[in-house]
Amino acid sequence: MGYKIEQDHKNCIGCGACVAICPKFWVMEGAKAKPKKTEFDDKDLKCNKEAAESCPANVIRIFKDGKKII
Ligand code: SF4
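By convention here, each chain's residues receive numbers from 1 onward along its written sequence. Residue-level local features of this predicted model are given only where pLDDT is at least 70; pairs of side-chain atoms are given and counted only at 80 or more, and the full residue set underlies all totals for whole chains, interfaces and linings.

Once that is clear, we can look at the pairing of strand 2 (residues 26-29). Two strands pair when backbone bridges link them, and strand 2 and strand 3 (residues 32-35) are joined in this way by 4 bridges, in the antiparallel orientation. Bridging from a neighbouring strand, Met28 pairs with Ala33 of strand 3. Two strands qualify as a pair provided that DSSP identifies no fewer than 2 bridges between them. Under the scheme used here, helices are H or I runs from DSSP no shorter than 4 residues and strands are E runs no shorter than 2 residues, and both carry numbers assigned from the N terminus. Where strand 2 folds back onto strand 3 in an antiparallel hairpin, the turn is made up of 2 residues, including Gly30, whose phi is positive at roughly 65 degrees.

When we look at burial in helix 2 (residues 45-54), the residues that qualify are Asn48, Ala51 and Ala52. Mapping the buried residues of helix 2 onto a view down its axis gives an arc of 95 degrees, with all of them on the same face. Any residue pair is listed as a contact if its two C-beta atoms, each placed from the backbone, are within 7 Å. Looking at the buried residues of helix 2, the elements they touch are strand 1 (3-7), helix 1 (17-21), strand 2, strand 4 (39-40) and strand 5 (60-64). The exposure label follows from counting other C-beta atoms within 10 Å of a residue's C-beta, where the C-beta atoms are placed from the backbone and the thresholds are 20 or more for buried and 12 or fewer for exposed, leaving partly exposed in between. This arc corresponds to the set of directions leading from the helix axis out to the C-beta atoms.

Although it is not a glycine, Asn58 sits at a positive phi angle of roughly 55 degrees. If you trace the backbone, Asn58 turns up in the loop between helix 2 and strand 5. In this model, Asp65 sits at a positive phi of 50 degrees, which is unusual for a non-glycine residue. Inspection of the secondary structure assignment puts Asp65 in the loop between strand 5 and strand 6 (67-68).

Here we take up the environment of Gly14. As for its placement among the helices and strands, Gly14 is situated in the loop between strand 1 and helix 1. Under the C-beta neighbour-count criterion, Gly14 is labelled partly exposed, with 13 such atoms within 10 Å. As a C-alpha pair, Gly14 and Asp41 span 27 residues in sequence and 25 Å in three-dimensional space. Residues contacting Gly14, with those up to four places away along its chain left out, are Ala31, Lys32 and Ala33.

Here we take up the sheet that holds strand 6. Paired through backbone hydrogen bonds, the strands of a sheet run either parallel or antiparallel to each other. A sheet is described by the order of its strands in space; here 4 strands give the open sequence 4-1-5-6, paired in antiparallel fashion. On the outer flanks of this sheet lie strand 4 and strand 6, each paired with one strand and no other. In the packing of helix 2 onto the sheet, contacts are made with strand 1, strand 4 and strand 5, and the angle to strand 5 comes to roughly 145 degrees. To obtain each axis, a line is fitted to C-alpha atoms, and for helices this fit is confined to the stretch in contact; angles are then taken between N-to-C directions over 0 to 180 degrees.

With that out of the way, let us pick up the pairing of strand 1. Relative to strand 4, strand 1 is paired through 2 bridges, and the arrangement is antiparallel. Directly across from Tyr3, in strand 4, lies its bridge partner Phe40. Bridging between strand 1 and strand 5 involves 5 bridges; their strand directions are antiparallel. Counterpart to Glu6 in the pairing with strand 5 is Arg61.

Structure below.
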């Protein structure tokens, strides 16, 4: 593990970008997306980082060992 995802769920606009980019970790639930898991390791960093960077509402945060990296 090592990385944690946080999403400001209420401010997700449901654009689906995170789900399109990183379907292993993100799923649509009704009109908003949510993370399937909140912890991941190095091999899934790229996918989640791209999802966070692509989020137009800027509601995805990634933490490594408790420190915000995105
Ligand atoms: S990219 Fe951001 S705004 Fe769009 S569905 Fe994912 S979390 Fe919501």
